[in-house]
Each structure stands twice: as C-alpha cells, then as structure tokens.
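Each chain, letter by letter, is given below.
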Number of protein chains: 2
Amino acid sequence: MVSGKWLKLVKSLQVKKYRQLHQSFLVEGAKSVLELMDSAYAIQAVFATETFLRQHIRTRPGISFEYHAATEEELARMGSFQTNNAAIAVAAMLPNAPLQVGPAGYALALDGIQDPGNVGTILRIADWYGITRVICSEDTADVYNPKVISASMGSFTRVRTYYCDLPGYLRTHRGTPCLGAFLEGDDVHRFAFPPAGILVMGNESKGIRPEVEPFVTHKVHIPRYGGAESLNVGIATAVILDNVRRVGG
Amino acid sequence: MVSGKWLKLVKSLQVKKYRQLHQSFLVEGAKSVLELMDSAYAIQAVFATETFLRQHIRTRPGISFEYHAATEEELARMGSFQTNNAAIAVAAMLPNAPLQVGPAGYALALDGIQDPGNVGTILRIADWYGITRVICSEDTADVYNPKVISASMGSFTRVRTYYCDLPGYLRTHRGTPCLGAFLEGDDVHRFAFPPAGILVMGNESKGIRPEVEPFVTHKVHIPRYGGAESLNVGIATAVILDNVRRVGG
C-alpha cells in the first residue's frame, strides 16, 4: 500500500506549481518508466504493480531509488492516466539550462504551442529525426506536464528543452539560419535547406508571432494538394523535418 | 429551448448502435458545422446559439433543415464536446458504397486503426494531400464517431470512406500497386513511387496484419535519424504521402 504522504505528493505533481516547488515530475506507464530508468534523469521513487517490480526492478542492479508496490487502483488514483496497470515514477526535473545552437545540426523552436499533446508529439518527432534541442517560448506547454511526458513516448529522455524569451533567444542567434512555416514561404519540396538551423513552429491557431517573425530568415510552406485548410502543428513539424533530412540538412 | 425528444436523440448519436439505427450522425463546433453546410451531406437539424443562428443560418438562402436555438449548456449536454459555444448538426450518413481505385491517383487503406483521433487526423491529412478515397477495414474506428468527425476538422466532407473486408477488397485490386510501411521496406526518400496506388496504414501497435501483408506489392519505410522507436500512424501517413506527392505520385 502506498502511504498517504506519497499519494498526496504524487497527485500534486500533476500541477505545475507543485512540480516547480518540488522540482519533480511524474512519468507514467510501463514504456515511459522503462525509458526513464535507462536515462540520465535521477529517479526519486517508483510505484508499480508487483508484476512490474518483479520483472523490471527487484532484479535490476544498482537501483538507487525507493520503490513501493501499488495496486492498479492506487496507480490510477495517484496519476493522470485513467488506467495504469504498470508503474508511476517520480523523477527530478533537469535545470532549465540554455541550449546553444551551433553551426552543426538543427534545433526546433516552439512559439507558443499550447496543447500538451502537441508538445509531446513534437518531442517524439524531434527524437525520430535526430533533433535533441527544443527551444520553447515561455507560454509553450510545460514539458513536465504529464500529458507531454506521456505523448512523447519516452522521447523526453533524449530531447532537451529550454524555456526562454524566444525573440530574445533568436536575437542572440542571428548568425544561424532560422526557418519558419508561412503561407507565402518557399515550397519545402524545392527548397535548398541549409545544413544547420533553427526551425520555428508556431501556435496552433495563430502561427508564428509578429515578435518572432523578423528573426525568420527562411520562410517555407508545405504544398497542399486538396481541400484541408491546414495541418496539425505536429504533422507539419514531421513533414518539414522529413524534407530537411531528405536533402541532407 | 431544445425539446426532450431532440436532446435524447442527439445524445444517442454518440453511440454507434444508435447512429446505425437512425442512419444519422453528429457534427459539432462552428468550423465543422459550417463545412457541413457547404457539403453534399443532407442536414436534418441544427442546434445553435442565437449568435451562430444569426450569423450563419437565419439569413442563409435555401435552408432545408430545421434549426433550434440552444444555450451553450444545452449544446454541451447534447454533444460530446466538454464545451461548445456554437452549434451541433444532425446529418444523414452516406451509404457505405464501394470505392473503386482506378489507374489514376492514390487511395488510402486503413488496416485496423483503432483510435478515433487518429482516423480523423488521417482524413484531414488525406484531404490535404488530395486523396479522397479511404478504404477501412471493418474494425477501423467508425468514421461517424464524433471524435473522428471532430479531429477531421471538416475534411470528412471531402474524403469518402468505405468499410469492408480489407483483404477481400485488396484481392479484387491486384492490378493496382499496393504500398505499406514495413521496417525492412525501401527508404521513402529514395523510392520511385508509382503514379497511382493504394497506401495501406496499419494498426497503432500491431501494424499491417498478416492477412493484408501478402497484398502489399511495395514495402517502404520512413528513415529514422534519432532514438524514437516509432512515429504515430497519422504522422507516418503524412510523411509518406508528402514523399509520394514530392515525386509526382
């Protein structure tokens, strides 16, 4: 049985204010907890079913965190998932340290992406396309939101984020090519992507903000062949990155 | 005020059994209802706020359906959205008529896509890439599920679906190139896509079924550059279609 103290602490971590107070966050579900255990994150505690403890924890060498058996009902009560038949971990947040974008490789910048599911999906896509740095405007959904962690499918362990004043950040990276999606931009199927750069993805309904637009040095667009008005921001991120990689960016 | 009879009927249409009984489905939210009114679907009734009625319905010529003023609370109570400040429409389902795939253009085939959000997203992507025919295995999420309609962002009005025994369907289309995503497939960045074909997308966790695989004539894969194990099926659909279109397929 999970103690009342832990139950209360874990539940509180669904809320940003308490995550920041404790500098801790939740990781839920078998796949994400397993990826967490193989990552550089410091785990503080794991709550898991007897089956999960037996298969993945009790026999694992060098465990440095406390763990407790929990029923599926307790896991559902503690976490944000409606059902959870495996595990919940509490881990320490990483410091919000500046990520530098150098002359090699691509980084993503998220300009006010509000939906946690979209941010999580974008982390997974970044990870697929080998992008490990994601710069987020301060109003982008919190990477430690349980919905972001869950939607990232473990990719939060491999992709670093940095929350900052995005226009200010881009101002200090004026030498780096900065790409953004705009209707009047160049067709991504024909565009000669630079070998390195920052790809800015804008808010779900408003796109890239006027304060950010002046820093975009290369406007691009995904050509449309039918009637849909737009693509979801996660989908657009994947399609643009696929085109970047295709031409060797 | 909405009558009890309508309240009950509309609410029942969240359930597939009642949609099939009434051959009707729900369309929720301003954007989707407006796209519905511009489509070939026969609308049976619209429930909307006074503001929506005034802006979009009362002055519209040739309205052939009944409409009723409803409060936001009534709309939330009738529909599947948590909040709805605009409208809900009840429309007649189209017959599940066979879609032929000819020598020109692409069609999608969905092999057991379970999540309604994924099916809706795929309809939107198909629409963006100019694909109007989506063949669905019988266990693919129902296109008239309110979550599919909502996630399609109006694209359900432009993309036709046909639910059938998918292996049987593919058997009768043996002359048409049939593409499917497999780990061992050809890299989509290098593959010479045929000018027409059927692109099969498989179940979220199990992929393309063994009963469908023998009909796949061209196996393809999206190259990976980082650590994520997989891409969501909607994302993968968009990336493959973007590559198809890029090379003129």
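Just so we're clear, the structure is a prediction, and the values are computed from it rather than from any experiment.

Before going further, it helps to examine the overall build of chain A. What chain A contains, in helices and strands, is nine helices and ten strands. Dimensions of chain A, computed from C-alpha atoms along their principal axes, come out at roughly 60 × 40 × 30 Å. Counting over 249 residues, chain A shows a buried share of 56%. Looking at chain A alone, contacts between residues at least 24 apart form 76% of all its contacts between residues at least 6 apart. A total accessible area of about 10800 Å² is found for chain A, and carbon and sulfur atoms account for 53% of it. Here chain A contributes 25 positive and 23 negative side-chain charges, whose respective centroids are spaced 3 Å apart.

Looking now at the UniProt feature "domain: MRM3-like substrate binding" (unreviewed entry) in chain A. Within this numbering scheme, the UniProt entry marks residues 8-76 of chain A as carrying the feature "domain: MRM3-like substrate binding" (unreviewed entry). Counting secondary structure, residues 8-76 of chain A comes out at 48% helix and 22% strand; the distance between its end C-alpha atoms is 13 Å.

Right, let's talk about the relation of the copies chain B and chain A for a bit. Superposition of chain B onto chain A requires a rotation of 180° combined with a translation of 0.0 Å along the rotation axis, giving an RMSD of 0.0 Å. Between the two chains, the operation in question is that of a two-fold axis. Of the residues that chain B buries at the interface, 100% are likewise interface residues in chain A, meaning the two copies contact each other through the same surface.

According to the stated counting rule, one finds 16 aromatic pairs over all chains in the structure shown. Between B:Trp6 and B:Phe47, the ring centres sit 5.2 Å apart and the planes meet at 65°, which makes this aromatic pair edge-to-face. Residue B:Trp6 is found in helix H1 (residues 4-12), and its partner B:Phe47 is found in strand E2 (residues 43-48); the two are separated by 41 residues along the sequence. In this structure, B:Trp6 and B:Phe47 share a single accessibility class: buried. Clustering of aromatic rings is evident, with ring pairs tying together A:Phe25, A:Tyr41, A:Tyr144 and A:Phe156.

Taken together, the side chains of A:Val15, A:Tyr18 and A:Leu21 present a nonpolar region at the surface, about 280 Å² in accessible area. Here A:Tyr18 shows up in helix H2 (residues 16-22).

Of all five residues in strand E7 (residues 160-164) of chain A, four are buried, a share of seventy percent or more. For the crossover from strand E6 (residues 133-137) of chain A across helix H7 (residues 146-151) of chain A to E7(A), the handedness is right-handed.

In this section: the interface of chain B and chain A. Contact with chain B, which involves 33 residues of that partner, is made by 33 residues of chain A. Overall, the association of chain B and chain A removes approximately 2900 Å² of surface from exposure, summing both partners, and the carbon and sulfur fraction of that is 58%. Among the residues of chain B in contact with chain A, B:Arg124, B:Trp128 and B:Arg246 are the three that bury the most area, contributing 28% of the side total. Inspection of the chain B/chain A interface yields two salt bridges. Notably, a salt bridge pairs B:Lys31 with A:Glu229, separated by 3.4 Å at the nearest N-O pair. Taken together, the links from chain B to chain A amount to 22 residue pairs in polar contact (both at pLDDT 80 or more). Broken down by element, the residue count for the side of chain B that touches chain A peaks at eight residues, all from helix H9 (residues 233-246) of chain B. Taken together, the residues of the side of chain B that touches chain A sort by class into 13 nonpolar, ten polar and ten charged.

Residue and element names in this part refer to chain A. Spatially, E1-E4-E2-E3 is the arrangement adopted by the four strands of the open sheet, whose pairing is mixed. Among the strands making up the open sheet, the edge pair consists of strand E1 (24-28) and strand E3 (66-69). Averaged over all pairs of adjacent strands, the angle between strand axes in this sheet comes to 15°, irrespective of strand direction. By the bridge criterion, four bridges tie strand E2 (residues 43-48) to E3 in an arrangement that is parallel. In the sheet register, Val 46 faces E3, and the bridge partner there is Tyr 67. Running over the sheet, helix H4 (residues 50-57) touches E2, E3 and strand E4 (87-92) and is turned about 140° from E3.

Thresholds, definitions, all that
Residues numbered from 1 in each chain as written. Chains lettered and ligands numbered in written order. Predicted model: local features only at pLDDT ≥ 70, side-chain atom pairs only at ≥ 80, totals over all residues. Heavy atoms only, no water. Helix = DSSP H or I, 4+ residues; strand = E, 2+ residues; numbered from the N terminus. Buried < 20%, exposed > 50% of the residue type's maximum accessible area, 1.4 Å probe, protein only. Contact = heavy atoms within 4.5 Å. Areas by Shrake-Rupley, 256 points an atom, 1.4 Å probe, with all protein chains shown as cover. Lys, Arg positive; Asp, Glu negative; His and termini not counted. Charge placed at Lys NZ, Arg CZ, Asp CG, Glu CD. UniProt positions renumbered as here; feature names shortened; annotations may be inferred. Least-squares fit on C-alpha atoms with pLDDT ≥ 70 in both. Phe/Tyr/Trp six-rings, centres within 6.5 Å; stacked < 30°, edge-to-face > 60°. Patch = residues over 30% accessible without salt bridge, like charges linked within 9 Å, V, L, I, M, F, W, Y side chains within 5 Å. Salt bridge = Lys/Arg side-chain N within 4 Å of Asp/Glu carboxyl O. Right-handed = clockwise from strand over helix to strand, strands pointing away. Buried area = accessible area lost by both parts, 1.4 Å probe. Polar contact = N/O pair within 3.5 Å; in protein donor to acceptor, adjacent residues only side chain to side chain. Nonpolar A, V, L, I, M, F, W, Y, C, P; charged D, E, K, R; others polar. Pairing = 2+ DSSP bridges. Axes fitted to C-alpha atoms, helices over the stretch in contact; angles between N-to-C directions.

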